[in-house]
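Commentary on secondary and tertiary structure
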Amino acid sequence: QQLRHKSSGSGGIPTPLLIQWYNIFGKTTIGYATWMVAGIIVAEGMTGWFGDAVWNSVNKGRTFETVDWTKFASGDEEEEEEEEEEELGVMEME
């Protein structure tokens, strides 16, 4: 019966751990509020990280950061860069 008393009501969490948690956070309103705020911030961070990870894995190759931009390079851009370099060279000589 003593074993049953120790295990009931703790939900599988050891009783000494629950007593320690209560002494730190559960006795006062400010302690409990601190526990709640910290828990919410941690949960929000984990949810955001997990959501971003899922989004990035599903949309790999479709977002600005993951597109291979070398596939879209054209010769026109290279010609424009060469013309700009030539114009700068002429301006420096003057």
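Please read all numbers here as calculations on a predicted model, not as lab measurements.

1. Considering the overall build of the protein chain
Broken down by element type, the protein chain carries four helices and zero strands. When its helices and strands are written in sequence order, the protein chain yields α-α-α-α. Residue burial in the protein chain is summarised as follows: out of 94 residues, 5% are buried. Of the roughly 8,900 Å² that the protein chain leaves accessible, carbon and sulfur atoms contribute 61%.

2. Here's the deal with a negative patch on the surface
A grouping of Glu81, Glu82, Glu83, Glu84, Glu85 and Glu86 is seen on the molecular surface, where their side chains present a negatively charged patch. With respect to the helices and strands, the residue glutamate 82 is situated in helix H4 (residues 75–93).

3. Details of the packing of aromatic side chains
Ring pairs (aromatic) are described by centroid distance and by the angle formed between their planes. By the definition in use, this model includes six aromatic pairs. Look at tryptophan 21 and phenylalanine 25: their rings are 6.3 Å apart centre to centre, the planes differ by 40°, and that puts the pair in the tilted class. With a gap of four residues between them, tryptophan 21 and phenylalanine 25 both fall in helix H2 (residues 15–26), about one helical turn apart. With relative accessibility at 24%, the residue phenylalanine 25 sits in the partly exposed group. With a centroid separation of 5.7 Å and an interplanar angle of 50°, the aromatic rings of tryptophan 69 and phenylalanine 72 are classed as tilted. Taking relative accessible area as the criterion, tryptophan 69 reaches 46% and is therefore assigned partly exposed. Residue phenylalanine 72 is classed as exposed on the basis of its relative accessible area of 54%. Members of the aromatic cluster, joined through ring pairs, are Trp21, Phe25, Tyr32 and Trp35.

4. Some points on the confidence of the model for the protein chain
Residues with a pLDDT of 70 or more make up 74% of the protein chain, whose mean pLDDT is 82. Here helix H1 (residues 2–7) stands out as the least confident element of the protein chain, with mean pLDDT 52; helix H3 (residues 29–58) is the most confident, with 97.

5. A closer look at a nonpolar patch on the surface
On the surface, a nonpolar cluster with roughly 410 Å² of combined accessible area is contributed by Tyr32, Trp35, Met36 and Ile40. Locating methionine 36 in the fold gives a position in helix H3.

6. Let's talk about the environment of tyrosine 22
With respect to the secondary-structure elements, tyrosine 22 resides in helix H2. Residue tyrosine 22 is classed as partly exposed on the basis of its relative accessible area, which comes to 43%. Taking C-alpha positions, tyrosine 22 is 8.9 Å from tyrosine 32, a pair spaced ten residues apart along the chain.

Thresholds applied
Residues numbered from 1 in each chain as written. Predicted model: local features only at pLDDT ≥ 70, side-chain atom pairs only at ≥ 80, totals over all residues. Heavy atoms only, no water. Helix = DSSP H or I, 4+ residues; strand = E, 2+ residues; numbered from the N terminus. Buried < 20%, exposed > 50% of the residue type's maximum accessible area, 1.4 Å probe, protein only. Areas by Shrake-Rupley, 256 points an atom, 1.4 Å probe, with all protein chains shown as cover. Patch = residues over 30% accessible without salt bridge, like charges linked within 9 Å, V, L, I, M, F, W, Y side chains within 5 Å. Salt bridge = Lys/Arg side-chain N within 4 Å of Asp/Glu carboxyl O. Lys, Arg positive; Asp, Glu negative; His and termini not counted. Charge placed at Lys NZ, Arg CZ, Asp CG, Glu CD. Phe/Tyr/Trp six-rings, centres within 6.5 Å; stacked < 30°, edge-to-face > 60°. pLDDT = per-residue confidence, 0-100.

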